[in-house]
Amino acid sequence: MKKTSFILFISFILLLSACGGVAPEVAQAPPEPAATEVPPTETPLPPPTLTAIPPTGTPTETPAPAVEIVTGNEDEAEAESEVAAEPTVLPTDTPISPAPTPEPPTATPEPEVDWLASFGRTEDNLMYLGNPDAPVTLTDYSDFM
Amino acid sequence: MLGSEQELKENFVKTGQVRMLFNPVLNHGNRSLQTHQAAECAAEQGQFWAYREHLFANQGRLWSGDVREAVKALAVEMALDTASFNACLDEQRHLALIQGQDSRRIQRGIRFQPSFEINEEFLLGSQPYDTFKQVIESHLGF
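Residues numbered from 1 in each chain as written. Chains lettered and ligands numbered in written order. Predicted model: local features only at pLDDT ≥ 70, side-chain atom pairs only at ≥ 80, totals over all residues. Heavy atoms only, no water.

Engineer: An account of unusual backbone geometry is requested, with residue identities and associated values reported.
Structural biologist: Residues and elements named next belong to chain B. Omega for the bond connecting Q113 with P114 falls within 30 degrees of zero, at 5°, which places this linkage in the cis form. Residue placement: P114 occurs in the loop between α7 (95–107) and β2 (115–118). Positive phi values are uncommon outside glycine, yet A79 reaches one of about 60°. Here A79 is to be found in the loop between α5 (67–77) and α6 (82–90). We classify A79 as exposed; its relative accessible area is 67%. (Helix = DSSP H or I, 4+ residues; strand = E, 2+ residues; numbered from the N terminus. Buried < 20%, exposed > 50% of the residue type's maximum accessible area, 1.4 Å probe, protein only.)

Engineer: Which residues make up helix α2 (residues 29–43) of chain B, and what are the values?
Structural biologist: All names here are of chain B. Between its terminal C-alpha atoms α2 stretches 21 Å, which fits the 21 Å expected from 15 residues at 1.5 Å a residue. Counting buried positions over the 15 residues of α2 gives eleven, a clear majority of the element. Along α2, the residues that are buried comprise S32, Q34, T35, H36, Q37, A38, A39, E40, C41, A42 and A43. (Expected span 1.5 Å × (residues − 1).)

Engineer: I'd like a rundown of the pairing of strand β5 (residues 136–142) of chain A, residues and numbers included.
Structural biologist: The element β5 of chain A is extensively covered by neighbouring structure, given that seven of its seven residues are classed as buried. What you see with β5 of chain A is no split at all: V136, L138, D140 and S142 of chain A on one side and T137, T139 and Y141 of chain A on the other are buried throughout.

Engineer: Before we move on, can you summarise the state of the cysteines with the specific residues and values?
Structural biologist: Residues and elements named next belong to chain B. Summed over all chains, the structure comprises one disulfide over all chains. Through a disulfide, C41 is tied to C88; the S-S separation comes to 2.0 Å. Measuring handedness by torsion sign, the sulfur bridge of C41 and C88 sits at about -85° and is left-handed. With C41 in helix α2 and C88 in helix α6, this pair connects stretches of sequence that are 47 residues apart. (Disulfide = S-S within 2.5 Å.)

Engineer: Tell me what's going on with the packing of aromatic side chains, and back it up with residues and numbers.
Structural biologist: Going through the model one piece at a time under the given rule, you end up with seven aromatic pairs over all chains. A ring pair is formed by F22 of chain B and F48 of chain B, whose centres lie 5.9 Å apart and whose planes are at 55°; its orientation type is tilted. One end of the pair, F22 of chain B, is in strand β1 (residues 18–24); the other, F48 of chain B, is in helix α3 (residues 48–57), and 26 residues separate them in sequence. Taken individually, F22 of chain B and F48 of chain B each receive the classification buried, so the pair is uniform in this respect. Through a chain of ring-to-ring contacts, three or more aromatic side chains come together here, namely F144 of chain A together with F22, F48, W49 and F56 of chain B. (Phe/Tyr/Trp six-rings, centres within 6.5 Å; stacked < 30°, edge-to-face > 60°.)

Engineer: Lay out the environment of G16 of chain B in plain terms, naming residues and giving numbers.
Structural biologist: Mapped onto the elements of the fold, G16 of chain B is located in the loop between α1 (2–13) and β1. Excluding its chain neighbours within four sequence positions, the residues that come into contact with G16 of chain B are W115, N131, A134 and P135 of chain A. (Contact = heavy atoms within 4.5 Å.)

Engineer: Now, about the packing of α5 of chain B against α6 of chain B: what can you tell me, with residues and values included?
Structural biologist: All names here are of chain B. Two numbers describe how α5 lies on α6: the axes approach to 10 Å, and their chain directions differ by 155°. As judged from the angle between their axes, α5 and α6 are roughly antiparallel. As α5 packs across α6, the resulting crossing turns out to be right-handed. On the side of α5, the interface is formed by R68, V71, K72, A75 and V76, while α6 contributes T82, F85, N86, L89 and D90. Counted by class, the contact of α5 with α6 contains five nonpolar, two polar and three charged residues. (Axes fitted to C-alpha atoms, helices over the stretch in contact; angles between N-to-C directions. Parallel < 35°, antiparallel > 145°, perpendicular 65-115°, else oblique. Left-handed = near helix turned anticlockwise from the far one by under 90°. Nonpolar A, V, L, I, M, F, W, Y, C, P; charged D, E, K, R; others polar.)

Engineer: Break down the sheet that holds β2 of chain B for me, citing the residues and quoting the values.
Structural biologist: Overall, mixed pairing links the six strands, which are arranged β3(A)-β4(A)-β1(B)-β5(A)-β2(B)-β3(B) in an open sheet. Edge strands, defined here as strands with exactly one partner in the open sheet, are β3 (119–121) of chain A together with β3 (121–124) of chain B. Neighbouring strand axes in the sheet, compared pairwise and without regard to direction, differ in orientation by 20° on average. By the bridge criterion, three bridges tie β3 of chain A to strand β4 (residues 127–130) of chain A in an arrangement that is antiparallel. (Pairing = 2+ DSSP bridges.)

Engineer: An account of the interface of chain B and chain A is needed here, citing residue identities and associated values.
Structural biologist: At the interface, 54 residues of chain B touch 28 residues of chain A. Taken together, chain B and chain A are joined by two salt bridges. Here D140 of chain A ties to R52 of chain B by a salt bridge, and the two come within 2.7 Å at their closest N and O atoms. In this structure, the connection of chain B to chain A is made through 30 residue pairs in polar contact (both at pLDDT 80 or more). Those elements that place two or more of their residues in the side of chain B that touches chain A are α1, β1, α2, α3, α4 (59–63), α7, β2 and α8 (129–140) of chain B. Residues of the side of chain B that touches chain A, tallied by class, amount to 27 nonpolar, 16 polar and eleven charged. Where β5 of chain A lies against β2 of chain B, four bridges are found, and the strand directions are antiparallel. Within the sheet, the bridge partner assigned to Y141 of chain A lies in β2 of chain B and is S115 of chain B. (Salt bridge = Lys/Arg side-chain N within 4 Å of Asp/Glu carboxyl O. Polar contact = N/O pair within 3.5 Å; in protein donor to acceptor, adjacent residues only side chain to side chain.)

Limitation: the analysis is restricted to geometry and does not speak to function.
In structure tokens:
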């Protein structure tokens, strides 16, 4: 029995060695290309695009636009830039409509006063008719008879 | 002035260039007193100038009959409050006022009637509209 097992073991070893002798063809992966150092290319980033914020139920913070201070007063410039830097909160639950275009100013004529409806008494208790500050005063001395 | 008054009112008073004043002249006794008091009683109801115009337009009625009844009838025609108007007239509320205004006229030497004073320039007697217009415009700087 031991002899049989030994033979089987030997034959197995031989079989294994026989198989190792003929190398099977195995599909090999293509050789990886050698790593080449690519010089970094500076590709400009696309400029930021402004996108309209759709109205939502919550307030949206929009960054304030940069303000260029042209005045020579630095204190004022700082104050203005601080004010400008504060984010403005837009209430977005109301529809944003384009700003109304201001109508061109039109000369509104002052309403004309009908001085025939103006009357009263002078300091001398005489009845007057018309504009109390009129440049001309016409006094009628008359009898009704 | 009656003939030219409407034009003067329309062209100068209405536009605020001229202020018209009225100073009573009491040249005809009781008739003058009654008519000028009646105008002041209309003034209590804010109708002095309209009533004055109505008096001038009905001068013929003031000469005939009872002048008090005539001025009361004119007040009725103008739809004034007649009870108030008649009480005012009966009480002679404005007698002292019109007498004082007439006295000042006499003191100033204004004895011709009608007389018109335009910025201290006098026109004596009734004048056509163009005369008034010329004097007024000279004071307006035209």
